[in-house]
Amino acid sequence: MDFRRGRKREEPEINLIPFIDVLLVVLIFLMVSTTYSKFTELQITLPTAEAEKQAEKPFEINVTVDAKGNYTVNNTPVAFTSVAGLAQDMKNAARTPEGQVVASPVIIVNADQFAMHQMVINVLEAARVAGYDKLTFAAQTGAAK
């Protein structure tokens, strides 16, 4: 080792010519071994989806049950005397403004959270007696009055 001061070190020399030679050999290999073909275009049939459109909104009967024990059918108060009476009120509500009877309306049971369960069961029983099998439930949340 030479520990003398003042002597300059030689800078390392980087020779790029062998690196370029290797790259050219790899490039020539890729060009010779790769086959190229040209596709004009691919014929693809994309899937389509169609659904039947509903002609109109289904006829709905809104039966409301509140916490005080009152029933309303389509916003009309109804005095509950029996399940058969409630079924008759539901049948009367199933008439269109032109007077036609709707065969299978959707019954929406809208019950207050504080309403007794028996009142909702009465509505279900009345729908069964009236011959309506399409039922939907909604719940009202709020303070009891």
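Residues numbered from 1 in each chain as written. Predicted model: local features only at pLDDT ≥ 70, side-chain atom pairs only at ≥ 80, totals over all residues. Heavy atoms only, no water.

**Quick word on the pattern of salt bridges**
- Under the defined criterion, the tally for this structure stands at one salt bridge.
- Put simply, Arg128 and Glu125 hold a salt bridge, and the shortest N to O gap is 2.3 Å. Residue Arg128 and its partner Glu125 are located together in helix α3 (residues 117-130), separated by three residues, close to a single helical turn.
- What makes Arg128 exposed here is its relative accessible area of 54%. (Salt bridge = Lys/Arg side-chain N within 4 Å of Asp/Glu carboxyl O. Helix = DSSP H or I, 4+ residues; strand = E, 2+ residues; numbered from the N terminus. Buried < 20%, exposed > 50% of the residue type's maximum accessible area, 1.4 Å probe, protein only.)

**Here we look at the nonpolar core**
- Residues Ile61, Leu86 and Met90 are the most contacted members of the largest nonpolar core, which totals 22 residues.
- Broken down by secondary-structure element, the contributors of at least two residues to this core are β1 (60-65), β2 (71-73), α2 (83-93), β4 (106-112) and α3.
- Looking at this core, the element that brings in the most residues is α3, giving six residues. (Core = buried A, V, L, I, M, F, W, Y, C linked by side-chain atoms within 4.5 Å.)

**Quick word on unusual backbone geometry**
- For Asn74, which is not a glycine, the phi torsion comes out positive at approximately 50°.
- As for its position among the elements, Asn74 is in the loop between β2 and β3 (76-78).
- Relative accessible area serves as the criterion here: at 29%, Asn74 is assigned to the partly exposed category.
- Even without glycine at this site, Asn75 takes up a positive phi of about 65°.
- Summarising the element assignment, Asn75 is placed in the loop between β2 and β3.
- Accessibility expressed as a relative area gives 68% for Asn75, which makes it exposed.

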